Amino acid sequence: MPDTITRRGWLLAAIRAYGRPVTTQLAEQMMTGSPGPTSGRNTARKDLRAFARHGLLIAVDVDGRRIYHPPTTPEGQPPMSNPLMPMRDHERVLGQIERGEVRVGPDTAREIAARAEVAYGDAFAGSPAEALRRQMWAAAVASVITTTEGGMAA
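Residues numbered from 1 in each chain as written. Predicted model: local features only at pLDDT ≥ 70, side-chain atom pairs only at ≥ 80, totals over all residues. Heavy atoms only, no water.

**Q** How do you make sense of the pairing of strand β1 (residues 58–62) when you look at a structure like this?
**A** Of the pairings in the sheet, the one linking β1 to strand β2 (residues 65–69) comprises five bridges and is antiparallel in character. Paired with Ala-59 across the bridge in β2 is Tyr-68. Between β1 and β2, which pair antiparallel in sequence order, lie two residues; one of them, Asp-63, sits at a positive phi of approximately 55 degrees. (Pairing = 2+ DSSP bridges. Helix = DSSP H or I, 4+ residues; strand = E, 2+ residues; numbered from the N terminus.)

**Q** Would you take a moment to explain the side chain of Thr-108 for this structure?
**A** Along the chain, Thr-108 turns up in helix α5 (residues 106–120). Only 3.5 Å separates the side chain of Thr-108 from the backbone oxygen of Val-104, close enough to count as a polar contact. (Polar contact = N/O pair within 3.5 Å; in protein donor to acceptor, adjacent residues only side chain to side chain.)

**Q** Would you take a moment to explain the nonpolar core for this structure?
**A** Soluble globular proteins: nonpolar side chains tend toward being buried together. Residues Leu-11, Ile-15, Val-22, Met-30, Leu-48, Phe-51 and Leu-57 are the most contacted members of the largest nonpolar core, which totals 14 residues. If you list the elements that add at least two residues to this core, you get α1 (7–18), α2 (24–30) and α3 (41–53). Examining the composition of this core, we find that four residues originate from one element, α1, more than from any other. The contact partners of Leu-57, leaving out residues within four places of it in the chain, are Leu-12, Ile-15, Leu-48, Phe-51, Ala-52, Tyr-68, His-69, Pro-70 and Pro-71. (Core = buried A, V, L, I, M, F, W, Y, C linked by side-chain atoms within 4.5 Å. Buried < 20%, exposed > 50% of the residue type's maximum accessible area, 1.4 Å probe, protein only. Contact = heavy atoms within 4.5 Å.)

**Q** I tried to follow the packing of aromatic side chains on my own but got confused; where do I start?
**A** Applying the stated rule across the entire model yields zero aromatic pairs. Taking the ring centre of Tyr-18 as reference, the NZ or CZ of Arg-20 above it sits at 4.4 Å. (Phe/Tyr/Trp six-rings, centres within 6.5 Å; stacked < 30°, edge-to-face > 60°. Lys NZ or Arg CZ within 6 Å of the ring centre and 35° of its normal.)

**Q** Please clarify how the pattern of salt bridges should be interpreted in this entry.
**A** When their charged atoms lie close together, side chains carrying opposite charge are able to pair. Inspection of the entire model under this criterion finds five salt bridges. For Glu-101, the salt bridge identified is with Arg-99, shortest N-O distance 2.8 Å. The two residues Glu-101 and Arg-99 agree in class, both being exposed. One salt bridge connects Arg-110 with Asp-107, and the closest N-O pair in it is separated by 2.8 Å. Residue Arg-110 and its partner Asp-107 are located together in helix α5, separated by three residues, close to a single helical turn. Overall, the relative accessible area of 34% leaves Arg-110 in the partly exposed class. (Salt bridge = Lys/Arg side-chain N within 4 Å of Asp/Glu carboxyl O.)

**Q** What is the right way to read the packing of α1 against α3 from this model?
**A** Pairs of packed helices are described in terms of their axes, by the angle between the two and the distance that separates them. Two elements in contact, α1 and α3, have axes whose closest approach is 11 Å; the angle formed by their N-to-C orientations is 75 degrees. In terms of orientation, α1 lies roughly perpendicular with respect to α3. Of the residues in α3, those touching α1 at Arg-7, Arg-8, Leu-11, Leu-12 and Ile-15 are Thr-43, Lys-46, Asp-47, Leu-48, Ala-50 and Phe-51. Of the residues in the contact of α1 with α3, the class split is six nonpolar, one polar and four charged. (Axes fitted to C-alpha atoms, helices over the stretch in contact; angles between N-to-C directions. Parallel < 35°, antiparallel > 145°, perpendicular 65-115°, else oblique. Nonpolar A, V, L, I, M, F, W, Y, C, P; charged D, E, K, R; others polar.)

**Q** What should I look at first to understand α3 in this one?
**A** Within an α-helix, residues lying three or four positions from one another point in the same direction, as the helix has 3.6 residues per turn. The first and last C-alpha atoms of α3 sit 18 Å apart over 13 residues, in line with the 18 Å expected at 1.5 Å per residue. Within α3 the residues assigned to the buried category are Ala-44, Asp-47, Leu-48, Ala-50 and Phe-51. For α3, the arc enclosing every buried residue in end-on projection is 160 degrees, short of the 170-degree limit, so these residues lie on one face. Opposite the buried face of α3, at more than 90 degrees from it, the exposed residues are Asn-42, Lys-46 and Arg-53. Buried-residue contacts for α3 involve α1, α2 and β2. Immediately beyond the C-terminal end of α3, within one or two residues, lies Gly-55, with a positive phi of roughly 80 degrees. (Expected span 1.5 Å × (residues − 1). Arc of directions from axis to C-beta.)

Treat this as a map of the structure, not an account of what it does.
Written as structure tokens, this is what we have:
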């Protein structure tokens with residue numbers, strides 16, 4: 001399957017290859033060589049604003065004109081993130097955990113189990129399957145809260 005590139009991806013690659021700050025007018029001129037239909041000044045302006053909003057470019061006003069330039073690291077190199085490549089799953093999940101969008105850990109597992117218990121009750125109470133389920137649950141909880149030294153986690 002061939003790799004496709006979006007209009008914005010193409011423009012960002014062209015700006016990074018150019019290596020100097022760009023204006024809306026220059027971005028519009030860069031878009032004339034893009035694959036697919038050409039875009040006008042308003043489209044270039046929207047694309048540049050979107051790049052700035054996502055941190056891929058930095059917008060600066062100079063003499064009443066807005067220019068955009070790529071951000072650099074302290075070493076003077078452009079950041080390593082590539083907006084043309086999709087984010088890997090582990091990066092996405094770790095970001096969700098850091099932002100508090102996803103909760104993890106034994107306390108969260110206990111809350112989920114308590115909600116399931118309230119919602120479904122003891123549907124299999126007294127059966128051998130229920131006894132096995134309770135044993136497996138106890139083993140799972142014990143493995144989560146046991147430290148590597150064999151004691152209980154604080």
